[in-house]
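# Descriptive analysis of the structure
Residue-level listing of the chains:
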Amino acid sequence: MAEVKLAAQVRTDFGKGAARRARRADLVPAVIYGHGAEPQHVAIHNHALMMALKTPNALIRLDFDGKSELVIPKAVQREAIRQFLVHVDFLAVKKGEKVSVEVPIHVEGDLAPGQHVLEHVLNALPIEAEATHIPESVTVSVAGLEAGASVLAKDIALPSGSALAVEDDAVVLQVVAAQVEAPAEEAAEGEGEGAEA
C-alpha cells in the first residue's frame with residue numbers, strides 16, 4: 001500500500017471549544033499515539049484527510065513541526081448525520097513493525113442455485129501484518145456454496161507476511177436458507193376456522 005503524505009499542524013489548545021474552532025477552520029483534530037511516547041496533538045486539513053481515509057488502514061505520513069511520522073488510523077469519529085470528520089486517533093508505526101488491523105472482506109462468485117442468503121458473520125477480518133504492507137482487502141470465493149456451508153477464517157488466503165489475529169475456526173461467512181413465508185391463503189383459512197368456533 002502506497003503511503004499518503006499529509007501536512008499537519010501542532011495543536012496547543014484543547015477541549016470542545018478548541019475542537020469547534022479547528023473544524024470551523026476546516027481542520028480535523030487528531031491525536032498520534034504509540035511507541036511509548038507522549039500523545040501528539042495535531043490538526044489536519046479536512047478534505048485531504050477525508051480523501052486519505054477512503055482507503056481502509058491507510059498508511060499516512062504526517063509532516064508537522066519539522067518532524068515526519070508514519071501512522072495508520074485507529075479510530076475515526078464522524079458526525080452521525082452528515083458524516084463529516086470529527087476526530088481521528090492515529091497509531092504511530094515503523095517499517096518492519098507488525099500491527100493488528102481489520103481488513104475488509106471482498107466476496108466473489110455466485111452461491112449454488114436456490115433460495116440462499118449469504119450472511120456476513122464478520123464484516124472485516126482481523127489480521128496482523130507489517131505496517132507498510134497492510135492489504136487493502138481479502139477476497140473470498142463463495143461460488144457454488146449451499147445452505148449450511150460456512151467459510152472459516154483459516155479458509156481465507158492471506159497475502160504473504162500477514163497472519164490471522166482471530167481463531168482459525170472463527171466463522172467469517174455462512175450460507176443460510178432463505179426464510180419462506182406461509183402463503184397468505186393458508187393464513188386466512190386458519191383465521192376463519194377460529195372465528196367459527
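The notes below deal with the structure included here.

The rules behind these values
Within each chain, residues carry numbers counting from 1 in the order of the written sequence. Totals for whole chains, interfaces and linings use all residues, but because this is a predicted model, local features are given only for residues with pLDDT of at least 70 and pairs of side-chain atoms are given and counted only at 80 or more. The basis for every side-chain value is the complete set of heavy atoms in the structure, and neither hydrogens nor water enter the calculation. Strand pairing follows a simple DSSP-based rule, namely that at least 2 bridges must link the two strands. Put simply, DSSP H or I for four residues or longer makes a helix, DSSP E for two residues or longer makes a strand, and each gets a number counted from the N terminus. Fitting a line to C-alpha atoms yields each axis, with helices limited to the stretch in contact; the angle taken between N-to-C directions then spans 0 to 180 degrees. Here's how the labels work: a residue is buried when its accessible area is under 20% of the maximum for its type, exposed when over 50%, partly exposed in between, all with a 1.4 Å probe on protein chains only.

## Some thoughts on the sheet that holds strand β13 (residues 171-177)
One open sheet accounts for three strands, arranged β8-β13-β11; its pairing is antiparallel. Both edges of this open sheet fall to β8 (116-120) and β11 (150-152), since each of them pairs with a single strand only. Taking each pair of neighbouring strands and ignoring which way they run, the sheet shows an average axis angle of 15°.

## A look at the pairing of strand β7 (residues 98-108)
The pairing of β7 with strand β9 (residues 124-130) spans seven bridges and is antiparallel. Paired with K98 across the bridge in β9 is E130. Note: β7 against strand β10 (residues 138-141), four bridges, orientation parallel. By the bridge assignment, H106 is partnered in β10 with T139.

## Topic: unusual backbone geometry
Positive phi outside glycine occurs at H35, with the angle close to 60°. You can see H35 is positioned in the loop between β2 (27-33) and β3 (40-45). For H35, a relative accessible area of 40% puts it in the partly exposed group. In this structure, D65 takes a positive phi of about 50° despite not being glycine. The residue D65 is located in the loop between β4 (60-64) and β5 (67-78) in this model. Overall, D65 belongs to the exposed group, its relative accessible area being 63%.

## Some remarks on the environment of I105
Among the structural elements, I105 can be located in strand β7. Residue class for I105 comes out buried when judged on its relative accessible area of 12%. A C-alpha to C-alpha distance of 6.0 Å links I105 and T139, two positions 34 residues apart in sequence.

Nothing here speaks to function; it is geometry throughout.
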